[in-house]
Amino acid sequence: MNLPNINEAKIRTNNKVEYLEAKNIKSTKFINKYYYIRTYGCQMNVHDSEEIKGILENLGFRETNDLEQAHIVVLNTCAIRENAHDKVFGFLGRLKHLKREKPDLMICIGGCMPQEESVANTLKEKYPFVNIVFGTHNINDLGEMILDERAQQQIDVYSIEGNVYEHMDYVRDSKITAWVNIMYGCDKFCTYCIVPFTRGKQRSRKKEDILREILDLKEQGYLEVTLLGQNVNAYGKDLDCNYDFASLLEDVAKTGIPRVRFVTSHPWDFTNDMIEVIAKYENVMPYIHLPLQSGSTKILKLMGRRYTKEEYIDLYTKIKNKVPNVSITTDIIVGFPNETNEDFLETIDVVNKCKFDGAYTFIYSKREGTPAAKIQDTISLEEKEQRLYKLNELINAYSLEHNKEYIGKIEEVLVLGVSEKDNNKVYGYTKTMKLVNILGSKSDIGKIISVKITDAKSFSLDGEKQ
Ligand code: 5AD
Ligand code: SF4
């Protein structure tokens, strides 16, 4: 491959389109220099960081986990709840001190937070030591921004909003499992959620590009792909063709990659065709993350979720009946404005009926600019915390109950690494995404092995190799 040298690369930066076409800018300018990256938030951000690492390594940087060693620090941020902001601003305080000792340290902030106008303004006014502020739409421009030495503080969060990029040079965290974006953004506009504002409108990737990427991963020896999107079930709705998520999932299954899963599903778009494909193909993992958010139809309506309590339970039951041994997890928010104790008890009722395998639970966090932020929040923090506590107790009890059902069974486990707590153990996941700790060694990593489950806890299983 003919790669532009540093001067050519700079010239290219004057022409954005040309620069974007020349994705693979490589230079030796930053050779022997190190980058430190910190990722906050969801899998989408984790995968975006793999793209950022690709850009940095093409510029010559190498990764370090030691902040003191870094020449450039990148924070890939999350905006979903207020506490995500607090963590980033806290860390920025530390970086400010570090920059006093090392004035050449380059500090970059990207991801969802700077997409909020108020955050971009705060960074500009109160954090002048931050060199580069980029967003979710222009990760591709990061290389260009770093190469532009003249800039004191560059803030660009909107360039070429809504694009879908292809042929990225990812530096993937794993050689065994890989994230594959199938779409970007979200059109659902749940009233509490900042994502449609920070990540923009839904844009699906073309099926040819997705399948090419997956076949390539398979050839490289990857054993699992996770199809990523804020709302994967709505895949294709923005493309002018008759090709939906069920068709895509079927085509991905047919590539023969050993394991396929997908996150996240919105109950509204979950079709019968999808359920059939999940049930039909051995390599589609019987694991579904199906956010409930609330069990109260009144609150669901205020949240703009487009389904009732009963419709959710019906869908859940249908999936359980059609997909053998499926494991279903969920997301639940407590303390949404106007949630009464009766509403909360409706949520508890759904949990008792569905008996989820697991759940991520959150206290509602007001996000400025979202429709829900206008509804007055009357519930005390103490009340919200009590609801969260009760909910978690119940969720954990059902997780344990499900996990106990595995004792004595033989499960296929994809081994991902050596356990951090015990060097004699490795860990991996069942097809239903249950974490299993197994006596084993490094040589098991990257293999799918048969394991007899011997013990169960709320969040993991123990097993022995067969
Ligand atoms: N407050 C609390 N939780 C939220 N989530 C999204 N927005 C908010 C908010 N404003 C939760 C939802 C979603 C998960 C990724 O984060 O449960 O499914
Ligand atoms: Fe947010 Fe709703 Fe879109 Fe999920 S589906 S990203 S909760 S707006």
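The structure we're discussing is the one just above.
An account of the accompanying structure is given in this report. Numbers given to residues run from 1 along each chain, matching the order in which its sequence is written. Just so you know, chain letters begin at A and ligand numbers begin at 1, following the order they were written in. Where local features are concerned, this predicted model is filtered to residues with pLDDT of at least 70; where side-chain atom pairs are given and counted, the filter is 80 or more; whole-chain, interface and lining totals use all residues. With hydrogens and water stripped out, all remaining heavy atoms of the structure feed into the side-chain values.

### Some details on helix H5 (residues 117–126)
Where we set the bar: We call a residue buried when its accessible area falls under 20% of the maximum for its residue type, exposed when it is over 50%, and partly exposed in between, using a 1.4 Å probe and counting protein chains only. Working definition: helices are DSSP H or I runs of at least four residues, strands are E runs of at least two. Numbering for both runs from the N terminus. Note that the arc is defined by the directions from the helix axis to the C-beta atoms. Whether two residues are in contact is decided by their heavy atoms: any pair within 4.5 Å suffices.
For H5, the complete set of buried residues consists of Val-119, Ala-120 and Leu-123. Here the buried residues of H5 occupy an arc of 100 degrees about the axis, which is enough to place them on one side. Along H5, the residues that are exposed and aim more than 90 degrees away from the buried face are Glu-117, Lys-124, Glu-125 and Lys-126. Taken together, the buried residues of H5 touch helix H4 (82–101), strand E4 (106–111), strand E5 (132–134) and strand E6 (154–156).

### Let's talk about the pattern of salt bridges
The test is simple: In the sections that follow, a salt bridge refers to a side-chain nitrogen of Lys or Arg positioned within 4 Å of a carboxyl oxygen of Asp or Glu.
This model, assessed by the stated rule, comprises 26 salt bridges. Close ionic contact of Arg-261 with Glu-224 constitutes a salt bridge, the shortest N to O distance being 3.2 Å. Here Glu-224 lies in strand E10 (residues 224–228) and Arg-261 lies in strand E11 (residues 259–263), a separation of 37 residues in the sequence. One salt bridge connects Lys-465 with Asp-444, and the closest N-O pair in it is separated by 2.9 Å.

### Examining the site of ligand 2
How we decide: Here, proximity means that at least one heavy atom of the residue falls within 4 Å of the molecule or strand. Charged residues are taken to be Asp, Glu, Lys and Arg, nonpolar residues to be Ala, Val, Leu, Ile, Met, Phe, Trp, Tyr, Cys and Pro, and polar residues to be all remaining types, Gly included.
Surveying the vicinity of ligand 2 reveals the residues Cys-186, Lys-188, Phe-189, Cys-190, Tyr-192, Cys-193, Val-195, Pro-196, Gln-230, His-266 and Arg-305. Looking at side-chain class alone, the shell around ligand 2 contains seven nonpolar, two polar and two charged residues.

### A closer look at the pairing of strand E19 (residues 461–465)
The cut-off we apply is this: If DSSP finds at least two bridges between two strands, the strands pair.
Both strand E17 (residues 435–439) and E19 contribute to a ladder of three bridges, which runs parallel. The partner of Val-436 across the bridge, within E19, is Leu-461. Both strand E18 (residues 448–456) and E19 contribute to a ladder of five bridges, which runs antiparallel. Following the sheet pairing, Val-451 is matched in E19 by Lys-465.

### Considerations on the sheet that holds E19
Inclusion rule: Interaxial angle, 0 to 180 degrees, is taken between N-to-C directions of lines fitted to C-alpha atoms, where a helix line uses only the stretch in contact.
Taken in spatial order, the five strands of this closed barrel run E15-E16-E17-E19-E18, and their pairing is mixed. Neighbouring strand axes in the sheet, compared pairwise and without regard to direction, differ in orientation by 50 degrees on average.

### Comments concerning the site of ligand 1
Convention followed: Here a polar contact is recorded for every N or O atom pair within 3.5 Å, except that within protein the pair must consist of a potential hydrogen donor and a potential acceptor, and residues adjacent in sequence are included only if both atoms are side-chain atoms. Surface exposure here means Shrake-Rupley accessible area, sampled with a 1.4 Å probe, where a residue is shielded only by the protein chains that are shown.
As a structural note, the neighbourhood of ligand 1 is formed by Ile-80, Arg-81, Tyr-192, Gln-293, Asp-331, Ile-333, Phe-362, Ile-363, Tyr-364, Ser-365 and Arg-367. One of the side-chain nitrogen or oxygen atoms of Asp-331 is found 2.6 Å away from an oxygen atom of ligand 1. Between ligand 1 and Ser-365 there is a distance of 2.8 Å, counted from a nitrogen atom to a backbone nitrogen or oxygen. Here ligand 1 has 410 Å² of accessible area as a free molecule, and 87% of this is covered by the chains. Only strand E13 (327–334) and strand E14 (358–363) provide two or more residues apiece to the shell around ligand 1. Its residues placed into classes, the shell around ligand 1 shows six nonpolar, two polar and three charged.

### Side note on helix H14 (residues 381–404)
Residues three or four positions apart in an α-helix share a direction because the helix packs 3.6 residues into each turn. Spelled out, the test is: Expected helix span is computed as 1.5 Å times (number of residues minus one).
If you check H14, its first and last C-alpha atoms are 34 Å apart, about what 24 residues at 1.5 Å a residue would give, namely 34 Å. Taken together, the buried positions of H14 are occupied by Lys-384, Arg-387, Leu-388, Leu-391, Leu-394, Ile-395, Tyr-398, Ser-399, His-402 and Asn-403. On its buried face, H14 is in contact with helix H12 (309–322), E13, helix H13 (341–354), E14, E18 and E19.

### Some words on unusual backbone geometry
Cis geometry marks the peptide bond from Val-263 to Thr-264, where omega comes out at -5 degrees. By the element assignment, Thr-264 lies in the loop between E11 and helix H10 (272–280). We note that Asn-32 has phi near 70 degrees; this positive angle belongs to a residue other than glycine. Checked against the element boundaries, Asn-32 lands in the loop between helix H2 (16–21) and strand E1 (34–39). For Asn-32, a relative accessible area of 53% gives the class exposed. The phi dihedral of Gln-293 is positive, around 75 degrees, even though this residue is not glycine. Locating Gln-293 in the fold gives a position in the loop between strand E12 (287–289) and helix H11 (297–303).

### Side note on the packing of H13 against H14
Put simply, the rule reads: If an angle is under 35 degrees, it is roughly parallel; if it is over 145, roughly antiparallel; if it lies from 65 to 115, roughly perpendicular; otherwise it is oblique.
Taken N-terminus to C-terminus, the directions of H13 and H14 make an angle of 10 degrees; their axes are 10 Å apart at the nearest point. Between H13 and H14, the crossing angle belongs to the class labelled roughly parallel. When H13 is examined against H14, the residues Asn-341, Phe-344, Thr-347, Ile-348, Val-351 and Asn-352 are found in contact with a partner set consisting of Glu-383, Arg-387, Lys-390, Leu-391, Leu-394, Ile-395 and Tyr-398. Split into classes, the residues belonging to the contact of H13 with H14 amount to seven nonpolar, three polar and three charged.

### What to know about the packing of helix H8 (residues 207–219) against helix H9 (residues 245–254)
To keep it simple, the criterion reads: Note on convention: near helix rotated counterclockwise from far helix by under a right angle means a left-handed crossing. Clockwise means right-handed.
The geometry of H8 relative to H9 is characterised by a closest axis approach of 10 Å and an angle of 25 degrees between their N-to-C directions. The angle between H8 and H9 falls in the class roughly parallel. Both H8 and H9 take part in a crossing whose hand is right-handed. Contact residues: Lys-207, Ile-210, Leu-211 and Ile-214 in H8; Leu-248, Asp-251 and Val-252 in H9. When the residues that make up the contact of H8 with H9 are grouped by side-chain class, the tally is five nonpolar, no polar and two charged.

### Digging into the side chain of Asp-462
With respect to the helices and strands, the residue Asp-462 is situated in strand E19. Not counting the four nearest positions on each side in its chain, Asp-462 is found in contact with Val-436, Asn-437, Lys-452, Ile-453, Thr-454, Asp-455 and Lys-457.

### Describing the packing of aromatic side chains
Defined as follows: Only the six-membered ring of Trp is used, alongside the rings of Phe and Tyr, when aromatic pairs are assigned; centres must lie within 6.5 Å, and planes under 30 degrees apart are stacked while those over 60 apart are edge-to-face, with the rest tilted. Over a ring means this: the NZ of a Lys or the CZ of an Arg is within 6 Å of the ring centre and within 35 degrees of the ring normal.
The tally for this structure, following the rule as stated, stands at 12 aromatic pairs. With centroids separated by 6.4 Å and ring planes inclined at 80 degrees, the aromatic side chains of Tyr-235 and Tyr-243 adopt a geometry described as edge-to-face. For the pair Tyr-235 and Tyr-243, one class covers both residues: buried. Three or more aromatic residues joined by ring pairs form one cluster here, namely Tyr-307, Tyr-312, Tyr-316 and Phe-356. One Lys or Arg, Arg-38, reaches over the ring of Phe-91 and ends 3.8 Å from the middle of that ring.

### Focus on the nonpolar core
Where we set the bar: To define a nonpolar core, start from buried Ala, Val, Leu, Ile, Met, Phe, Trp, Tyr and Cys residues and group those joined through side-chain atoms within 4.5 Å.
By size, the foremost hydrophobic cluster in this structure holds 57 residues, and its most contacted members are Leu-227, Phe-245, Phe-262 and Ile-319. Of the residues forming this core, the biggest block, six residues, is contributed by H9. In this structure Phe-245 touches Ile-182, Leu-227, Val-232, Asn-233, Tyr-235, Phe-262 and Met-274, once residues within four positions along its chain are discounted. Ala-79, Cys-112, Met-113 and Val-133 belong to the second-largest nonpolar core, a separate cluster that totals 27 residues.

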